[in-house]
Amino acid sequence: MFQATRNRNSGLGSALTLFELTYHSIVRSVRKTHNNAILAIGINVLQAVIFVATFYVMFSLLGLRGAAIRGDFLLYIMSGIFLFMTHTKTLGAVVGAEGPSSAMMQHAPMNTIVAIASAALGSLYIQVLTMSLILFVYHVGFTPLVIEEPAAAFGMLLISWFTGAALGIVLLALKPWFPQFVSIFTTIYQRANMIASGKMFVANMLPGYMLAMFDWNPLFHCIDQARGFIFINYNPHHTDWHYAVWVGLVLLMIGLMGEFYTRRHASVSWGARR
């Protein structure tokens, strides 16, 4: 009855077990929005299409199309929306991941790192699939797409995902201590990025005093740099993707330290405070 359990798996066996656990957790996170995985992805596609259509109509009615980059106007809109949705959706998914006091953590070998990784990777999977479907339909059904440096542009999407996940880990570590603050801050940050992300304009066209209002945001740098890789006629001068990477790394280290501290002091009774 009172026996100490020993892990008899080799290092490779433990790694395979971890990967399998992460895979099933990713599937579970994808199905959170709907029991049918296809419908879960379809809902996200519909949200992205509504975003694109709304901004297209808004730009057209307000006469702002001349402020966009010379090139495919819809691609200009989609480049900002895809990175914005990847960043904010990943942030929300990681903040909503299973915490140290969750009932899921009572089942070995489940742990918070697997929960965080599955939430972040599940969100990335949905966003990349959504983007691929929309771009494929647009390319085949409307007009051929021309992206100057697709690999580098996709890299900016990954950096947007990384910074969203890193900030989400910081907020997840704070969540058991300050649940109301984290909820309010997450909502405000996601709403503020509707403008602060810079998806409606480009940095080169902003005056200096306005540029200072946006260049703190790593997502602003990612979107502006992505447009530099997508369009041959745009060369960003005021943004740098290295800044976004360094901000993400700093937030990741802070978040992991905070998560480790929170996990050591976790209490099941915290569930009643949320």
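Since this is a predicted model, take the numbers as computed values, not measurements.

Participant: So what exactly am I meant to see when it comes to helix α3 (residues 73-95) here?
Facilitator: Side chains that are three or four residues apart share a direction in an α-helix, a result of its 3.6 residues per turn. Here α3 spans 34 Å end to end across 23 residues, near enough to the 33 Å set by a 1.5 Å rise per residue. Along α3, 19 of the 23 residues are buried, which leaves the element largely enclosed by surrounding structure.

Participant: Honestly, the nonpolar core in this entry has me stumped. Any pointers?
Facilitator: Most often, soluble globular proteins have nonpolar side chains that are buried together. Judged by nonpolar contacts, the single largest core of 43 residues is most densely connected at Tyr76, Met78 and Leu83. It is α3 that provides the largest number of residues to this core, a total of 10 residues. When sequence neighbours within four positions are dropped, the list of residues in contact with Met78 reads Val52, Ile134, Leu135 and Tyr138. Counting 12 residues, the second largest nonpolar core, distinct from the first, contains Ala97, Leu124, Ala166 and Leu252.

Participant: Sorry, what's going on with the packing of aromatic side chains here?
Facilitator: Aromatic ring pairs are defined here through the distance separating the ring centres and the angle between the ring planes. Within this structure, the stated rule accounts for 10 aromatic pairs. Look at Phe73 and Tyr76: their rings are 6.3 Å apart centre to centre, the planes differ by 20°, and that puts the pair in the stacked class. Here the residue Phe73 and the residue Tyr76 both occupy positions in helix α3, the gap between them amounting to three residues, near one helical turn. With relative accessibility at 8%, the residue Phe73 sits in the buried group. Relative to Phe185, the ring of Phe181 has its centre 5.9 Å away and its plane inclined at 25°; by these criteria the two rings are stacked. Of this pair, Phe181 and Phe185 both sit in helix α6 (residues 179-196), four residues apart, roughly one helical turn.

Participant: Is there a simple way to explain a nonpolar patch on the surface in this structure?
Facilitator: A cluster of nonpolar residues, Ile113, Val250, Met253, Ile254, Leu256 and Met257, forms a patch on the protein surface that exposes about 550 Å² of accessible area. In terms of residues, the nonpolar patch owes the most to one element, helix α9 (residues 241-264), which gives five residues. As for its position among the elements, Ile254 is in helix α9.

Participant: What exactly am I supposed to notice about helix α8 (residues 218-230) here?
Facilitator: Helix length check: α8, at 13 residues, gives a terminal C-alpha distance of 18 Å against a target of 18 Å (1.5 Å per residue), a fit within 8%. Among the 13 residues of α8, 13 are classified as buried, and the element is accordingly described as predominantly covered. With a side-chain oxygen lying 3.1 Å from the backbone nitrogen of Leu219, the N-terminal cap of α8 falls on Asn217.

Participant: Whenever I open this one, the packing of helix α5 (residues 150-174) against α6 confuses me. Can you help?
Facilitator: Across the interface, α5 lies against α6 with an axial gap of 10 Å and an inter-helix angle of 160°. By the criterion of interaxial angle, the relationship of α5 to α6 is roughly antiparallel. Contacts between α5 and α6 involve Leu167, Leu171 and Leu174 on the former and, on the latter, Val182, Phe185, Thr186 and Tyr189. Its residues assigned to classes, the contact of α5 with α6 comprises six nonpolar, one polar and no charged.

Participant: Explain the side chain of Asn193 here, please?
Facilitator: The residue Asn193 is located in helix α6 in this model. In this structure the side chain of Asn193 is engaged in a polar contact, spanning 2.6 Å, whose partner is the side chain of Asn217. Not counting residues within four places of it along the chain, the set of residues in contact with Asn193 comprises Phe84, His87, Thr88, Lys199, Asn217 and Leu219.

Cut-off values and rules
Residues numbered from 1 in each chain as written. Predicted model: local features only at pLDDT ≥ 70, side-chain atom pairs only at ≥ 80, totals over all residues. Heavy atoms only, no water. Helix = DSSP H or I, 4+ residues; strand = E, 2+ residues; numbered from the N terminus. Expected span 1.5 Å × (residues − 1). Buried < 20%, exposed > 50% of the residue type's maximum accessible area, 1.4 Å probe, protein only. Core = buried A, V, L, I, M, F, W, Y, C linked by side-chain atoms within 4.5 Å. Contact = heavy atoms within 4.5 Å. Phe/Tyr/Trp six-rings, centres within 6.5 Å; stacked < 30°, edge-to-face > 60°. Patch = residues over 30% accessible without salt bridge, like charges linked within 9 Å, V, L, I, M, F, W, Y side chains within 5 Å. Areas by Shrake-Rupley, 256 points an atom, 1.4 Å probe, with all protein chains shown as cover. Salt bridge = Lys/Arg side-chain N within 4 Å of Asp/Glu carboxyl O. Polar contact = N/O pair within 3.5 Å; in protein donor to acceptor, adjacent residues only side chain to side chain. Axes fitted to C-alpha atoms, helices over the stretch in contact; angles between N-to-C directions. Parallel < 35°, antiparallel > 145°, perpendicular 65-115°, else oblique. Nonpolar A, V, L, I, M, F, W, Y, C, P; charged D, E, K, R; others polar.

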